[in-house]
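Okay, here's what each chain looks like letter by letter:
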Amino acid sequence: MQYAHLGRSGLKVGRLALGTMNFGDATDEATSFKIMDVAVDARINLFDTADVYGGPQSPDMVQGYGLSEEIIGRWLAQGGGRRDKIVLATKLYQPMGLGPNDKYLSAYKIRRAAEASLRRLQTDHIDLYQMHHIDRSTPWEEIWQAMEQLVREGKITYVGSSNFAGWQIATAQSAATSRHFMGLISEQSLYNLTARTIELEVIPALRHYGIGLIPWSPLGGGLLGGVLKKIENGRRASAHMQQTIERYRPQLEAYEALCAEIGEQPADVALAWLLHNPVLTSVIAGPRTPEQLAVSQKALDVHLSDDTLRRLDEIWPGPGGEAPEAYAW
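Computed from a prediction, not measured in an experiment: that's the story for all the values here.

## Structural notes on the packing of aromatic side chains
Taken as a whole and assessed by the stated rule, the structure comprises 8 aromatic pairs. Counting every residue linked through ring pairs, the aromatic cluster contains Trp140, Trp144, Phe164 and Phe181.

Have a look at this one:
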C-alpha cells in the first residue's frame, strides 16, 4: 500500500480507502466483515462511513440508518488491535430522525450526532469527522465552536467536509483561522473522468489551503468500469444505466478501446487517472464483495503516460481549466 499525508496534516492514509456505504444495504454483515479483514490485510487504513449509511435514503424514513456504523462497530469489538490499525472516518448532516434538530450542523446536532456515532462504532474517538454537506443556515462560529469542543474532549481528532463549493471551503477556513483552529484537512467531492466540474474552483481552493481531496464515485457509478464489455459478456444493466450508456456511448467506446490498447482494465485506468492528481490524497473504493476490493488495489500499480493522459482529456474533457481562465480571457 502507498501512503500520503491527508492534506497538510501529519496524518498518513492509504492511497486507496475503504468506503462502506454498501454495508447493511447491498452487503450483509458477514460479507462486510470479510471486506474489512481483506482491507486490513492489504494495509488499507482509511475506513470511511457515515451515520446515514445502511438505511433507506429518504427524508421521511429513518429506519435502518446507522447500520454501516453498527457493522463496523461490531467488527471493531472483536478486538485483535483492529481499532489501532485504521483511521476511522464518518460523517454527519443528513436526517437521523424526524425531529427539527435531527439534521444539519447546529451545535446541538453536532454534539448529539458525534455521541451517537461513537456508540454505534463502539469506539471512544473518531479520527476524521466530516460534514456531509454545507449548512447554509448555521454560522461558522457555531459549527467551529462545536467541533473545537469535540476535539478538546478527545471525541474527534480532525475535521473534514464533503460536497462543499470552493468559496464555502474558503469561508470555512477563514473562520477557523480567526479562531486559531486547524479547520478542514480533507474534502470529499464527486470526481471522476465523467464529472470534472470541481477542477474549476474546488481543487484550486484545496490546493491553496492544503486540504486533501478524497473523491467519491471514482468509477462514475460503474460507467468507467468497462461497462460496454460487461454488457457484451451478457451482464444486464438497469434502465437508468442503459440510458446513461447511450448518452456516453461514443466516449465509452473510445475509452475502452484506449484501455485495451495500453493493456489495462478500464476501472484501473479511471482510478489511476485520479491518483495522478497531486491534490488528491486517497480514492474511495466501495466494494460489495472482497473480490471487488482486491481488484481495486491493482490501480495503484498502473502508470499512465503523458500521451495517455492527453488522450483521456480528449475523450473526457474537463471544464477547460481552473476559474476564471476556463471561461474568461
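## Quick notes on the pairing of strand 6 (residues 126-131)
Of all 6 residues making up strand 6, 6 are buried, and the element is well covered by its neighbours. The pairing of strand 5 (residues 87-92) with strand 6 spans 4 bridges and is parallel. From the neighbouring strand, Thr90 faces strand 6, where its bridge partner is Tyr129. Across 5 bridges, strand 6 lies against strand 7 (residues 156-162) in parallel orientation. Residue Ile126 lies in a different strand from strand 7, and its bridge partner there is Ile156. Where the polypeptide runs from strand 6 across helix 5 (residues 140-152) and back to strand 7, its parallel neighbour, the crossover connection is right-handed.

## Some thoughts on the packing of helix 9 (residues 239-262) against helix 10 (residues 266-275)
Here helix 9 crosses helix 10 at 95 degrees, and the two axes come no closer than 9 Å. When the axis of helix 9 is compared with that of helix 10, the two are roughly perpendicular. Here Tyr255, Glu256, Cys259 and Ile262 of helix 9 lie close against helix 10, whose contacting residues are Pro266, Val269 and Ala270. Residues of the contact of helix 9 with helix 10, tallied by class, amount to 6 nonpolar, no polar and 1 charged.

## Details of the sheet that holds strand 7
Here we have 8 strands laid out as an open sheet, ordered 9-8-7-6-5-4-3-10, and parallel in their pairing. Every interior strand has two partners, whereas the edge strands, strand 9 (212-216) and strand 10 (283-285), have only one. Each strand of the sheet is rotated relative to its neighbour by a mean of 30 degrees, with strand direction disregarded. Packing of helix 4 (residues 107-121) onto the sheet brings it into contact with strand 5 and strand 6, and relative to strand 6 it is tilted by some 135 degrees.

## Focus: the pattern of salt bridges
Side-chain pairs of opposite charge can arise where the charged atoms are in close proximity. Going through the model one piece at a time under the given rule, you end up with 18 salt bridges. Note that Glu115 and Lys155 form a salt bridge whose closest N and O atoms lie 3.2 Å from each other. Placement of the pair is Glu115 in helix 4 and Lys155 in the loop between helix 5 and strand 7, with a sequence separation of 40 residues. Bridged by salt links that share partners, the residues Glu261, Asp307, Arg310, Arg311 and Glu314 form one connected network.

## Some thoughts on helix 1 (residues 29-41)
The end-to-end C-alpha distance of helix 1 is 18 Å, a good match for the 18 Å that 13 residues give at a rise of 1.5 Å each. Those residues of helix 1 not exposed but buried are Ser32, Phe33, Ile35, Met36, Ala39 and Val40. Seen end-on, helix 1 carries its buried residues on one side only, within an arc spanning 160 degrees. Turned more than 90 degrees away from the buried face of helix 1, the exposed residues are Ala30, Lys34 and Asp41. Buried residues along helix 1 sit in contact with strand 3 (16-19), strand 4 (46-48), helix 2 (67-76), helix 3 (82-85) and helix 11 (290-296). Two or three places before Ala30, at the start of helix 1, stands the capping residue Asp28, its side-chain oxygen 3.4 Å from that residue's backbone nitrogen. At the C-terminal side of helix 1, Arg43 shows a positive phi close to 65 degrees.

## With respect to the nonpolar core
Tyr129, Met131, Trp144, Met147 and Tyr255 are the most contacted members of the largest nonpolar core, which totals 85 residues. Tyr129 has contacts with Thr90, Lys91, Leu92, Ile110, Ala113, Ala114, Met147, Leu150, Ile156, Tyr158, Val159 and Gly160, leaving out every residue within four places of it along the chain. Residues Val13, Ala17, Ile185 and Ile284 belong to the second largest nonpolar core, which totals 12 residues.

## Focus: the packing of helix 2 against helix 4
Contact geometry of helix 2 with helix 4 gives a least axis separation of 6 Å together with a crossing angle of 50 degrees. By the angle between their directions, the pair helix 2 and helix 4 is classed as oblique. Along its contact with helix 2, which presents Glu69, Glu70, Ile72, Gly73 and Leu76, the element helix 4 presents Ser117, Arg120 and Leu121. Split into classes, the residues belonging to the contact of helix 2 with helix 4 amount to 3 nonpolar, 2 polar and 3 charged.

## As for unusual backbone geometry
In the segment running from Ala323 into Pro324, the intervening peptide bond is cis, with an omega of 0 degrees. One non-glycine residue, Asn163, lies in positive phi territory at about 65 degrees. Non-glycine residue Ser217 carries a positive phi angle of around 55 degrees. Locating Ser217 in the fold gives a position in the loop between strand 9 and helix 8 (227-232).

Criteria and cut-off values
- Residues numbered from 1 in each chain as written.
- Predicted model: local features only at pLDDT ≥ 70, side-chain atom pairs only at ≥ 80, totals over all residues.
- Heavy atoms only, no water.
- Phe/Tyr/Trp six-rings, centres within 6.5 Å; stacked < 30°, edge-to-face > 60°.
- Buried < 20%, exposed > 50% of the residue type's maximum accessible area, 1.4 Å probe, protein only.
- Helix = DSSP H or I, 4+ residues; strand = E, 2+ residues; numbered from the N terminus.
- Pairing = 2+ DSSP bridges.
- Right-handed = clockwise from strand over helix to strand, strands pointing away.
- Axes fitted to C-alpha atoms, helices over the stretch in contact; angles between N-to-C directions.
- Parallel < 35°, antiparallel > 145°, perpendicular 65-115°, else oblique.
- Contact = heavy atoms within 4.5 Å.
- Nonpolar A, V, L, I, M, F, W, Y, C, P; charged D, E, K, R; others polar.
- Salt bridge = Lys/Arg side-chain N within 4 Å of Asp/Glu carboxyl O.
- Expected span 1.5 Å × (residues − 1).
- Arc of directions from axis to C-beta.
- Polar contact = N/O pair within 3.5 Å; in protein donor to acceptor, adjacent residues only side chain to side chain.
- Core = buried A, V, L, I, M, F, W, Y, C linked by side-chain atoms within 4.5 Å.

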